[in-house]
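Residue-level structural notes
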Amino acid sequence: MQSCSAKTKTWTIVGALSLLALTSLPMALAKDTTQTASNSNNKLWRQTLEQATEGHFDSAAKTIQLIPDGGPITKKVSAWLAEYQQKQATRLEFDHKEIELYSKYAKERIEREEYKIALDWMLLAADCAPDKQAFLKKDWIDALISSSIEAAEKARKDAEWTEAWGYYARLGDVFQKEPRYKKLEHEALTHLRLESMFKDEKSIEAWEERVEKIKWDDAEAALEYIELYYVEQADFKAITESGLEQLLYLTESESAIEHFDGLGNEDDRKDFIQRLQARLDQVRTAPTLSRREAVRIMRRIVYNINPQTVRLPRELIVSEIMRGALEPLDDYTTIIWPQATSQFDKHTRGDFVGVGISILENRTTEEIEVVTPLEDTPAYRAGIQSGDIISHVDGRAIKGLTINKVIDIITGPQGTEVTLTVRRDEKNLIFPLTRARVKIQSVKGISRDKNEKWNYWLDREQGIGYVRITNFMRNTVEDVANVLSQLEAGGMKGVVLDLRGNPGGLLDSAWKMSSLFLKGGDGVVSTRGRDPSENQRLNAPGNGPWANLPLAVLTDENSASASEILAGAIQDNHHGITIGARTFGKFSVQNLIQLSHTKAKLKLTTARYFLPSGRSLHREVTSETWGVEPNLPVKLVYHERANMYKLRRKADLLGPQKDKAKDDDKDSDKNDEDAKGDKNGENIEVDAITLEKNKSEDDAESVEKVADATDDKDDEEPKLPPLEQPNENTRPDTDPQLDTALLHMRIKLLSMSNPTLVFANDTTSPTTKKQAIDR
């Protein structure tokens, strides 16, 4: 019985186990199926994050749709991607419409033989095309270019320099790799600049101010430094030839002939030209020319030939001959004559003594207008507003004075008083101000709060900061560090650095700025020059305080020099992503050399700089590649650039503002720091300048009042009734490059904190999640 009972018990146990196994099988199968689905979903989630962080947003949007129910985080990411896709689709629709519209407009102008205006419309259409070079190969464009070249050559032959400049500037935009058109544009610009210098009393006063205290000794010293330290072996034959050609241009200026008695005397003028030409012929036939020979020829012109013939002011002769002499060198080597040094030094330091306003001259009314007061300055605290017209300084009427003269009157020693009378809405207001040290703000946020302080949060909820750097000055690194510390205290998880429109600045500032985001020993930049003392390599001295901070860097075509060092160092060391457009391509280093007791300085290119990877992508006319190519390219077209700069200007200006929407398109391609908000304004600014402005830009600004050919589509003499061709900007007021950076950063941060769907949908605290990831 016991045996039987034991046997029965054994079978009972076995049966029970078998029954348990049978009943557990579906549960196990269900668990395996759930696990498989979970693994599949996690794989899709990781794939979505990877695609999005690499910029493949369309693929990411498709992948995330394959996750059947990913929870609230996946829905949020899906919504972000869908919103971005919609914006991109809208952009493409506008591109197609504008290509058709601009092409139509161009063809209408071709029929009227108004080729410059046709080139404008054609270039706008090409800007919207997905493949610009393919677009430019269209038959009708070939015909337009041929007709334009023919018209340009005729204008040049007839000395119609405004017409010639308009054509060659546009042709240079079409053929960016052909130096011929840039050279011809420069020739036309030179003639226009000289005509504008002596055309009326105000222009004469302006050039007299500019050349004051110019000495030949400074020019001679500059030539010696060029021989010793210029980045390449200087060609003094070309230098001398170009300097003499510049003086011959001066003798052809009708306004100069009318103004100067010596040039007005036909016999003296012919004698001067013949003696110049004789020496120019000698230079051209010589195989080479040393610096000493070049100096001897130029000195003889300054001290002998000029006094014996046309008797022009020595300062003018020295200024013009050196302007020409530096032309064969790179665009960034220039002499800063005594009258310009204080303005230059002010913006290199990042501060100055004054009242704190940016001003421009309205070319139509010849009045001085306030662009904006600067933050935390005497003018801002007193209540001066954007759009105010300054009529008097210390009771003295200033209408008709040059803008440089107005600046001299307003500025003065720290602690002294100055009174500005301004007109606002037909009312005259008087502002007594005490001059103080003013700090130029080179670090800005995304918008201003109700107290007009900068807001540096791009997405407060996600912990994404935003810092716009407009220049690299001596105080810029400290200011950026202070902002980042504030953001960090507020929970910053990532940041967008905006370098768009930043022309550069100090090499030391770029190195220190880069080091904030790099690890000790990471390369930042190296420099190599003809002089071995210029050779150096700069690395991050230690782990930067934000070396592990997720980082996106925005760049565009106007990001140059120090901006390219920062963007390139971040890119080469893989410490962040660059987004936007390819940078300007200024990979050269300038040293500032004091020339003499007159305060004149030589800004001399002494080296090229190289990124950590060994790249030196300096842009030459014939360059195939240049600058820092972004990891994630986002091209903006004309109206998009207009909207982006409009948004910036709106944030930059302080206090109540006049409506200047009509002017936004005019300045869409210009650096927002140039204070050029009014299409009738002379391009001069008080408190914000471009540190890296080159010689050709200086020429263009000098003649803009005489020939506005590059911007005014109505500059051709009408032969037919006016043709209405509206070009209203109906694109949304958005910034596609910033939108891309924001989306990238949002998903980048999610990928770090939510590597799987389990984490994405877990309500556990972020600290617990991090500990789990670490384990």
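Residues numbered from 1 in each chain as written. Predicted model: local features only at pLDDT ≥ 70, side-chain atom pairs only at ≥ 80, totals over all residues. Heavy atoms only, no water.

Some details on the overall build of the protein
Stated precisely, the cut-off is as follows: Strands here are runs of E lasting at least two residues and helices are runs of H or I lasting at least four, both read from the DSSP assignment and numbered beginning at the N terminus. Classification of residues uses two cut-offs on accessible area relative to the type maximum, computed with a 1.4 Å probe and protein chains only: under 20% is buried, over 50% is exposed, and between them is partly exposed. Throughout, a contact is declared for two residues whenever any of their heavy atoms are within 4.5 Å. The protein chains shown are the only cover counted for residues, whose accessible areas, like all others here, come from Shrake-Rupley with a 1.4 Å probe.
Along the backbone of the protein there are 27 helices and 23 strands. Per-residue burial over the protein gives 54% buried out of 775 residues. In the protein, once contacts between residues fewer than 6 apart in sequence are set aside, the share between residues at least 24 apart is 72%. When the accessible surface of the protein is split by element, carbon and sulfur atoms take 50% of a total near 35800 Å².

Notes on helix H25 (residues 736–753)
Applicable threshold: To estimate how far a helix should reach, multiply one less than its number of residues by 1.5 Å.
A rise of 1.5 Å per residue sets the reference length of H25, with its 18 residues, at 26 Å; its end C-alpha atoms lie 26 Å apart and thus fit the reference within 8%. Here H25 lies mainly inside the structure; 14 of its 18 residues are buried.

Points about helix H23 (residues 638–652)
With 15 residues, H23 ought to run about 21 Å at 1.5 Å a step, and its terminal C-alpha atoms sit 21 Å apart, in line with that. For H23, a buried count of 12 out of 15 residues is recorded, marking the element as mostly surrounded by other parts of the structure.

Side note on the pairing of strand E18 (residues 551–555)
The side chains of a regular strand alternate, residue by residue, between the two faces of the sheet. Applicable threshold: Each pair of strands is called paired provided DSSP finds at least two bridges between the two strands.
Of all 5 residues in E18, 5 are buried; the element is thus mostly enclosed. Note: strand E15 (residues 494–498) against E18, 4 bridges, orientation parallel. Its bridge partner being in E18, Leu 497 is matched across the sheet by Val 553. Note: E18 against strand E19 (residues 577–580), 4 bridges, orientation parallel. Counted as the bridge partner of Val 553 is Thr 578 from E19.

Focus on the nonpolar core
The condition is simple: In this text, buried Ala, Val, Leu, Ile, Met, Phe, Trp, Tyr and Cys residues form a nonpolar core when linked through side-chain atoms within 4.5 Å.
By size, the foremost hydrophobic cluster in this structure holds 56 residues, and its most contacted members are Phe 198, Ile 226 and Met 322. Contributions of two or more residues to this core are made by helix H8 (179–197), helix H9 (201–211), helix H10 (216–229), helix H11 (236–251), helix H14 (266–285), helix H15 (291–308), helix H16 (314–325) and strand E21 (601–610). Look past the residues within four positions of Met 322 in its chain and what remains in contact with it is Ala 219, Leu 223, Ile 335 and Trp 337. In terms of nonpolar packing, the next biggest core, distinct from the first, is built from 44 residues, Phe 472, Val 524, Trp 546 and Ala 607 among them.

Notes on the pairing of E19
We count it as follows: Seen with its strands pointing away from the viewer, a crossover is right-handed if its path from the first strand over the helix to the second goes clockwise.
Burial along E19 is two-sided: Ile 577 and Ile 579 and Thr 578 and Gly 580, pointing in opposite directions, are all buried. On the question of chirality, the crossover connecting E18 to the parallel E19 by way of helix H22 (residues 562–572) is right-handed. Pairing analysis gives 2 bridges linking E19 to strand E22 (residues 632–633), with the strands arranged parallel. Within the sheet, the bridge partner assigned to Ile 579 lies in E22 and is Leu 632.

Notes on the confidence of the model for the protein
Operational definition: Along the chain, pLDDT gives the predictor's confidence residue by residue, from 0 to 100.
On average, residues of the protein score 85 in pLDDT, and 84% of them are at 70 or above. Contacts for the low-pLDDT stretch residues 1–22, under 50 throughout, to residues beyond four places or in other chains number 0 contacts.

What to know about the pattern of salt bridges
Our working rule: A side-chain nitrogen of Lys or Arg and a carboxyl oxygen of Asp or Glu constitute a salt bridge if their distance falls within 4 Å.
Scanning the entire structure with this criterion turns up 44 salt bridges. A salt bridge links Lys 104 to Glu 108; the shortest N-O distance between them is 2.8 Å. With Lys 104 and Glu 108 both in helix H3 (residues 72–111) and 4 residues apart, this pair spans about one turn of that helix. You can call Glu 108 partly exposed: its relative accessible area is 21%. With its nearest N and O atoms 3.3 Å apart, the salt bridge here joins Arg 284 to Glu 241. Here Arg 284 is found in helix H14, whereas its partner Glu 241 is found in helix H11, with 43 residues between them in sequence. Accessibility expressed as a relative area gives 36% for Arg 284, which makes it partly exposed. Taken together, the salt bridges that share partners define one network made up of Arg 91, Asp 95, Glu 98, Glu 640 and Arg 731.

Notes on the environment of Pro 328
Secondary-structure assignment places Pro 328 in the loop between H16 and strand E1 (334–336). Put simply, Pro 328 and Glu 241 are 87 residues apart on the chain and 9.5 Å apart in space, counted from C-alpha to C-alpha. Excluding residues within four positions of it along the chain, Pro 328 makes contact with Ala 238, Ile 239 and Ser 242.

Remarks on the packing of aromatic side chains
Basically, it comes down to this: Pairing of aromatic side chains requires ring centres within 6.5 Å, counting the rings of Phe and Tyr and the six-membered ring of Trp. Pairs whose planes differ by under 30 degrees are stacked, by over 60 edge-to-face, and all others tilted.
Tallied over the entire structure, the rule returns 11 aromatic pairs. Measuring from ring centre to ring centre gives 4.9 Å for Tyr 105 and Trp 121, while their planes differ by 65 degrees; the resulting arrangement is edge-to-face. Of this pair, Tyr 105 sits in helix H3 while Trp 121 is found in helix H4 (residues 115–128), placing the two residues 16 residues apart along the sequence. Of the two residues, Tyr 105 and Trp 121, both sit in the buried class. Between Phe 587 and Tyr 609, the aromatic rings sit 4.6 Å apart at their centres with planes inclined by 25 degrees, giving stacked as the arrangement. Placement of Phe 587 in the loop between E19 and strand E20 (588–594) and of Tyr 609 in strand E21 is noted, with a sequence separation of 22 residues between them. Looking at Phe 587, the relative accessible area reads 0%, which means it is buried. Under the relative-accessibility criterion, Tyr 609 is labelled buried at 1%.

Digging into the packing of helix H7 (residues 161–174) against H8
The condition is simple: Orientation is described by lines fitted to C-alpha atoms, with helices fitted over the stretch in contact, and by angles between N-to-C directions that extend from 0 to 180 degrees. Put simply, angles under 35 degrees are roughly parallel, angles over 145 are roughly antiparallel, angles from 65 to 115 are roughly perpendicular, and the rest are oblique. Note: crossing handedness is left-handed where the near helix turns anticlockwise from the far helix by less than a right angle, and right-handed where it turns clockwise. For this classification, Asp, Glu, Lys and Arg are treated as charged, while Ala, Val, Leu, Ile, Met, Phe, Trp, Tyr, Cys and Pro are nonpolar and the rest, including Gly, are polar.
Here H7 crosses H8 at 150 degrees, and the two axes come no closer than 8 Å. By the criterion of interaxial angle, the relationship of H7 to H8 is roughly antiparallel. When the axes of H7 and H8 are compared, the crossing they make is left-handed. Within the contact between the two elements, H7 uses Trp 161, Thr 162, Ala 164, Trp 165, Tyr 168, Ala 169, Leu 171, Gly 172 and Asp 173 and H8 uses Tyr 181, Lys 182, Leu 184, Glu 185, Glu 187, Ala 188, Leu 189, His 191 and Leu 192. When its residues are assigned to classes, the contact of H7 with H8 shows 11 nonpolar, 3 polar and 4 charged.

Describing unusual backbone geometry
Despite not being glycine, Glu 113 has its phi angle at roughly 60 degrees, a positive value. Here Glu 113 shows up in the loop between H3 and H4. Residue class for Glu 113 comes out exposed when judged on its relative accessible area of 51%. Of note in this structure, Lys 213 is not a glycine but carries a positive phi near 75 degrees. Inspection of the secondary structure puts Lys 213 in the loop between H9 and H10.

Comments concerning the environment of Met 513
Following the sequence through the fold, Met 513 ends up in helix H21 (residues 507–515). For the pair Met 513 and Glu 478, spaced 35 residues apart in sequence, the C-alpha to C-alpha distance is 8.8 Å. Those residues in contact with Met 513 that lie beyond four places of it in its chain are Ile 469, Phe 472, Thr 476, Val 477, Val 480 and Leu 566.

A look at the packing of H3 against H4
Put simply, H3 and H4 touch, their axes get as near as 8 Å, and they point 165 degrees apart. Relative to H4, the element H3 lies roughly antiparallel. Crossing of H3 against H4: the hand is left-handed. Along its contact with H3, which presents Asp 95, Glu 98, Ile 99, Tyr 102, Ser 103, Tyr 105, Ala 106, Arg 109 and Ile 110, the element H4 presents Tyr 115, Ile 117, Ala 118, Trp 121, Met 122, Leu 124, Ala 125 and Cys 128. Taken together, the residues of the contact of H3 with H4 break down into 13 nonpolar, 1 polar and 3 charged.

Comments concerning the environment of Asp 69
Tracing the backbone through its elements, the reader meets Asp 69 in the loop between helix H2 (57–64) and H3. For Asp 69, a relative accessible area of 59% corresponds to the exposed category. Each C-alpha atom, one on Asp 69 and one on Asn 41, is 8.9 Å from the other, the two residues being 28 residues apart in sequence.

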